[in-house]
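# Fold and contact review
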Protein chains: 2
Amino acid sequence: MSKILVLGAGLSSSDLIKYLLDHSKILGWTIRVGDISLEIARQKINNHPNAEAIQFDINNNQQLHEEVAWANAVISMLPAFMHPVVAQECVKQGKHMLTASYVSDTMKSLHEEARQKGIALLNELGVDPGIDHMSAMRIIDEIREKGGKLIGFISNTGGLIAPESDNNPWNYKFTWNPRNVVLAGQGVAQFLENGQYKYTPYHRLFSDVRKYKILNLGEFEMYPNRDSLKYREIYRIEDIKTIIRGTLRRSGYSKAWNVFVQLGMTDDTYKMANSEKLTKREFLNSFLPYHPTDSVEQKLKRIIPDTQDEGVFNKLKWLGLFENEPIGLPNASPAQLLQRIMEPKLALEPNDKDMIVMQHIFDYELAGNKHRKTSTMIIIGKDTVHTAMSITVGTPLAIATKMLLTGQIKERGVIVPTKPNLYNPILNELENYGVKFIEEEVILK
Amino acid sequence: MSKILVLGAGLSSSDLIKYLLDHSKILGWTIRVGDISLEIARQKINNHPNAEAIQFDINNNQQLHEEVAWANAVISMLPAFMHPVVAQECVKQGKHMLTASYVSDTMKSLHEEARQKGIALLNELGVDPGIDHMSAMRIIDEIREKGGKLIGFISNTGGLIAPESDNNPWNYKFTWNPRNVVLAGQGVAQFLENGQYKYTPYHRLFSDVRKYKILNLGEFEMYPNRDSLKYREIYRIEDIKTIIRGTLRRSGYSKAWNVFVQLGMTDDTYKMANSEKLTKREFLNSFLPYHPTDSVEQKLKRIIPDTQDEGVFNKLKWLGLFENEPIGLPNASPAQLLQRIMEPKLALEPNDKDMIVMQHIFDYELAGNKHRKTSTMIIIGKDTVHTAMSITVGTPLAIATKMLLTGQIKERGVIVPTKPNLYNPILNELENYGVKFIEEEVILK
């Protein structure tokens, strides 16, 4: 009898919890699901005999202590910044923990203590990070094993709207945390291209996108993520010539998004004066120069020439940016106000399906030839509960939990799934859930 | 007999120390000048009988304690981030302290304790902040007293090179801390214009400059400083319609500087890979897209169209940016590398003179008329020791020290010179040192 504690029962937890419930009888599991909303936790377990829903508050130390004491393994689906609190309690009590998030510095610092106590802290077991690592490492290791030399690796992922639900001019909807979408790309993008280190500042990121045609889905555009360079070490490909990890959007998105970036509307570092009184039009005008007679539209087209493009202008107009309608958000940053404007427009509708697209492009040399191998995953959500995001974030985490509790994972301490003993069984089982990669390979030149 | 401790004997301290020495006999002062370099401290006191030079290290707590114990008043000319350490020691020992820097949060927090101990912490007594406050407040108070209503206030200052020493294509040299020049403007510029709040992000700051003709000096351009809004409270002009504080440069500077900003070369938040090996040309190329055949020049002109302007291109070329000459700075940020490239090119030469330009523009209503009053200060340095910077930073601080030690300042706690009892005597005496404002006034329309 293993006891599994799941903390956080939001949208991304649906398929994780479903997998755990479905395997609970045969594996003898008891599952306790905690969420700040008891109602949401209840919905997720749906009266399953092996599960229990509880109201859980991460700020209640006593409750955290007791729940961790009860469990054999703890899966944290809480916002990433809350993981360290859970991890410290797990290590203290000698309990395994699993997350779909990046290894934080706090997490890393717990490695030795966790190892000594014989527990595993498994991380980066979602889709990105998660499936991206596993699927890339499998091919990187394959190329290495057959004697190939990897010279280039480009890996792009996007959380998008499925073609059948794609009915707005942005060709985008919020399929995950809107705040992260608004702040995406801030900082400098660092990557390596044909042996040259390249640095793209945030304010040039969206004007410097690359185009990709992906399978039968048409054209996408990619902007590089913040730090691609560190993956040389993580993937053990230190001598690679090109490494870029990027985010995918539908073509046309970036040129319009860049208007917000250029104007400074995605800034989250300060609060705007009188933000509670601002209308959408006044919000926009706050970033345009004062002019005694010119309209907001005239000034915008002069200051940001890209808005003379009808496609760009219509995307902004569709959001209602030129309307004198109050936003109604007190003490807010530009980014918060922009999010508030976009959220109702770009929200998923009841019958919408989301889509996750991931594509790796490997360039390698073997026996005098240059090969390009492309590996592509397209996942379309089943509905608004079993979204592509929920399937791809929750299922690998659930599979890893099963492996851990059935003794298939022997390592202890902080672990990420970049080795075959983890990625092979997880990727193999993921195929049963529709998570497959389509591979293509050509010889270049 | 008063004992004055001056900490920091760098370039900006020359005229401060000269004033103190010149007044030491008649006022019975003993002056001790401490610097990390004993040699520099010695040069500044030049064997004066009432002065003593010491080697001073701010990290030596024992020494700080002893030197503060010796003094009646401490003037900190150290880098601003070191002031809090000195201030805390002064408050602990009940000694007056003076700086030319902005009131920091730490400084502010010492107000009550300083008041209770009967000591003054005088700040913002340099040129900017300092003379800007005093000269602006004098006119703001004058307008208020004669029944006028201030509706607009624009205040611009630049530390520049004197026309007779202006012999490079940037029309600029480093007359103060080059690091601050490279990082200038980062963040968002917030100001109020004709009743509208306006926000300009850093990456648009230098493409949105305003032009000013100033007296007989020709044309300047201005970019707004980070936070103009807070001066409404400081200057007691809460209901003003326009308030902008800006930095002045010679015309043409900003368009070229903007190339660095657009490329991300002024970023100080990360270190560049292999920075010790980079040549100037490679440094530039790091911010340009990879291309198999195009030259750095071709890519630059494509990515930043402003560089197709010969004036802009020549400014970059003059700095040597296209040369394959190593920069030689290990583990450096883009901003640090850019500074290293610019420093030898934009350094003051032995016979150069610097110049400080400050201009306030006041718009006010009086008896049904709209008035515009302009008040302009132009200071040209005497030589590379008695620079305009040293005269304008050090002299007001020295005058305030005299006032404090002769009982003319009764307030205690944290003080800035925005009230007549401080600004009038300081501004009046500054005229003896050539620090004068030229006023012009017109009725608008």
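Right, let's get into the side chain of Ser24(B). Residues and elements named next belong to chain B. By the secondary structure assignment, Ser24 is in helix H2 (residues 24-27). A polar contact is formed between the side chain of Ser24 and the backbone oxygen of Leu21, at a distance of 2.6 Å. One polar contact links Ser24 to Asn50, side chain to side chain, over a distance of 2.8 Å. Ser24 has contacts with Trp29, Ile31, His48 and Asn50, leaving out every residue within four places of it along the chain.

Turning our eyes to something else, we now look at the interface of chain A and chain B. The partner chain B presents 29 residues to the 29 residues of chain A that form the contact. Regarding the contact of chain A and chain B, the summed buried area is about 2,600 Å², with carbon and sulfur atoms giving 52% of it. Taken as a group, Tyr199(A), Arg204(A) and Tyr290(A) account for 27% of the area that chain A buries against chain B, more than any other trio of residues on that side. Counting across the interface, chain A meets chain B through 18 residue pairs in polar contact (both at pLDDT 80 or more). Of all elements in the fold, only strand E8 (188-193), strand E9 (196-201), helix H10 (202-205), helix H12 (253-263) and helix H14 (296-303) of chain A reach the threshold of two or more residues within the side of chain A that touches chain B. Per-element tally for the side of chain A that touches chain B: the top contributor is E9(A), with 5 residues.

With that out of the way, let us pick up the side chain of Asp354(B). Residue and element names in this part refer to chain B. Note that Asp354 resides in strand E13 (residues 354-366). An unpaired buried charge is present at Asp354: no salt bridge exists, and Lys353, the closest side chain of opposite charge, is 9.3 Å distant. With residues near it in sequence (within four places) discarded, Asp354 still touches Leu160, Ile161, Ala162, Thr175, Ile379, Ile380, Gly381, Thr387, Ala388 and Met389.

So, about the relation of the copies chain A and chain B. If you rotate chain A by 180° and push it 0.0 Å along the axis, it lands on chain B with an RMSD of 0.0 Å. The superposition operator between the copies reduces to a two-fold rotation axis. Judged by C-alpha distance, His203(A) is the residue of chain A that lies nearest the rotation axis, at 3.4 Å. Interface residue correspondence from chain A to chain B reaches 100%, placing this contact among same-surface, isologous pairings.

Turning to the packing of helix H17 (residues 388-405) of chain A against helix H18 (residues 420-430) of chain A, a few remarks are in order. Residues and elements named next belong to chain A. The interhelical angle for the contact between H17 and H18, taken along N-to-C directions, is 120°, at an axis separation of 10 Å. Looking at the two axes, H17 sits oblique to H18. Taken as a pair, H17 and H18 cross one another with a handedness that is right-handed. Within the contact between the two elements, H17 uses Thr395, Pro396, Ile399, Ala400, Lys402 and Met403 and H18 uses Asn421, Leu422, Pro425, Ile426, Glu429 and Leu430. In terms of residue class, the contact of H17 with H18 is made up of 8 nonpolar, 2 polar and 2 charged.

As a further point, take the confidence of the model for chain A. Here chain A averages 97 in pLDDT, and 100% of its residues register 70 or above. Model confidence for the complex is summarised by a pTM of 0.92, with the ipTM given as 0.91.

So, on to the pairing of strand E1 (residues 2-7) of chain B. Residues and elements named next belong to chain B. Taking burial as the measure, the 6 residues of E1 include 5 buried ones, the bulk of the element. In this sheet, strand E2 (residues 29-35) lies alongside E1 in parallel orientation, the contact comprising 6 bridges. In the strand pairing of E2, Val6 is matched with Val33. Judged from the 4 bridges that link them, E1 and strand E4 (residues 73-76) form a sheet pairing that is parallel.

To continue, consider the sheet that holds strand E15 (residues 413-415) of chain A. Neighbouring strands of a sheet are bound in pairs by backbone hydrogen bonds; such pairs are parallel or else antiparallel. All names here are of chain A. Strand order in the open sheet formed by 7 strands is E3-E2-E1-E4-E5-E6-E15, with parallel pairing between adjacent strands. Pairing within the sheet leaves two strands with one partner each, and these edge strands are strand E3 (51-55) and E15. Shown here is a sheet whose adjacent strand axes are inclined to one another by a mean of 20°, direction ignored. As judged from the 2 bridges shared by strand E5 (residues 96-99) and strand E6 (residues 120-122), these two strands associate in the parallel manner. Across the sheet, the residue bridging to Met97 is Leu121, located in E6. Along the sheet, helix H4 (residues 61-70) makes contact with strand E1 (2-7), strand E2 (29-35), E3 and strand E4 (73-76), crossing E1 at roughly 145°.

Residues and elements named next belong to chain A. Going through the model one piece at a time under the given rule, you end up with 49 salt bridges over all chains. Between Lys173 and Glu349 there is a salt bridge; the shortest N-O distance is 3.2 Å. One end of the pair, Lys173, is in the loop between strand E7 (149-161) and helix H9 (178-183); the other, Glu349, is in the loop between helix H16 (334-346) and strand E13 (354-366), with 176 residues separating them in the sequence. Residue classification places Glu349 among the partly exposed residues on the basis of a relative accessible area of 41%.

Bringing the packing of aromatic side chains into the picture now. Residues and elements named next belong to chain A. All told, the structure shown has 34 aromatic pairs over all chains when counted by the stated rule. Ring centres of Tyr172 and Tyr253 lie 5.1 Å apart, and the angle between their planes is 55°; on these two criteria the pair is classed as tilted. Here Tyr172 is found in the loop between E7 and H9, whereas its partner Tyr253 is found in helix H12, with 81 residues between them in sequence. Residue Tyr172 is classed as buried on the basis of its relative accessible area, which comes to 1%. Using a relative accessible area of 2% as the deciding quantity, one classes Tyr253 as buried.

All names here are of chain B. If you trace the backbone, Gln339 turns up in helix H16 (residues 334-346). Of the residues examined, Gln339 reaches a relative accessible area of 14% and is grouped as buried. With 160 residues separating them in the primary sequence, Gln339 and Arg179 have C-alpha atoms 6.6 Å apart. Non-local contacts of Gln339, meaning those with residues more than four positions away in its chain, are made with Pro178, Arg179 and Val182.

What follows concerns the sheet that holds E2(B). Residue and element names in this part refer to chain B. Strand order across the open sheet formed by 7 strands is E3-E2-E1-E4-E5-E6-E15, with parallel pairing between neighbours. Of all the strands in the sheet, just strand E3 (51-55) and strand E15 (413-415) have a single pairing partner and so form its edges. Going across the sheet, the axis of each strand differs from the next one's by a mean of 20°, ignoring polarity. Bridge count for strand E6 (residues 120-122) against E15 is 3 bridges, and the pairing is parallel. Its bridge partner being in E15, Ala120 is matched across the sheet by Gly413. The strands touched by helix H3 (residues 38-45) within the sheet are E2 and E3, with E3 carrying the most contacts at an inclination of about 170°. With respect to the sheet, helix H17 (residues 388-405) is in contact with E1, E2, E4, strand E5 (96-99) and E6, its orientation differing from that of E5 by roughly 160°.

Moving on, we get to the nonpolar core. Ranked by internal contacts, the top residues of the largest apolar core, which has 127 residues, are Trp170(A), Trp257(A), Phe260(A), Phe283(A) and Val6(B). Once residues lying within four places of it in the same chain are set aside, the contact partners of Phe260(A) are Trp170(A), Met265(A), Thr266(A), Leu316(A), Leu319(A), Leu321(A), Leu338(A) and Met342(A).

Residue and element names in this part refer to chain B. Residues of helix H18 (residues 420-430) that are buried include every one of Leu422, Tyr423, Ile426, Leu427, Glu429 and Leu430, and no others. Seen end-on, H18 carries its buried residues on one side only, within an arc spanning 165°. Among the structural elements, helix H1 (14-22), E6, helix H8 (131-145), H17 and E15 are those in contact with the buried residues of H18.

Bringing the pairing of strand E14 (residues 369-380) of chain A into the picture now. All names here are of chain A. Strand direction decides the pairing type here: E13 and E14, joined by 12 bridges, are antiparallel. The residue bridging Asp363 from the neighbouring strand is Arg372, located in E14. Counting the residues between successive antiparallel strands, the hairpin from E13 to E14 contains 2 residues, one of them, Ala367, with a positive phi of roughly 50°. As paired strands, E14 and strand E16 (residues 438-443) are joined by 6 bridges and run antiparallel to one another. The residue bridging His371 from the neighbouring strand is Ile443, located in E16.

Parameters at a glance
Residues numbered from 1 in each chain as written. Chains lettered and ligands numbered in written order. Predicted model: local features only at pLDDT ≥ 70, side-chain atom pairs only at ≥ 80, totals over all residues. Heavy atoms only, no water. Helix = DSSP H or I, 4+ residues; strand = E, 2+ residues; numbered from the N terminus. Polar contact = N/O pair within 3.5 Å; in protein donor to acceptor, adjacent residues only side chain to side chain. Contact = heavy atoms within 4.5 Å. Buried area = accessible area lost by both parts, 1.4 Å probe. Buried < 20%, exposed > 50% of the residue type's maximum accessible area, 1.4 Å probe, protein only. Lys, Arg positive; Asp, Glu negative; His and termini not counted. Salt bridge = Lys/Arg side-chain N within 4 Å of Asp/Glu carboxyl O. Least-squares fit on C-alpha atoms with pLDDT ≥ 70 in both. Axes fitted to C-alpha atoms, helices over the stretch in contact; angles between N-to-C directions. Parallel < 35°, antiparallel > 145°, perpendicular 65-115°, else oblique. Left-handed = near helix turned anticlockwise from the far one by under 90°. Nonpolar A, V, L, I, M, F, W, Y, C, P; charged D, E, K, R; others polar. pLDDT = per-residue confidence, 0-100. Pairing = 2+ DSSP bridges. Phe/Tyr/Trp six-rings, centres within 6.5 Å; stacked < 30°, edge-to-face > 60°. Core = buried A, V, L, I, M, F, W, Y, C linked by side-chain atoms within 4.5 Å. Arc of directions from axis to C-beta.

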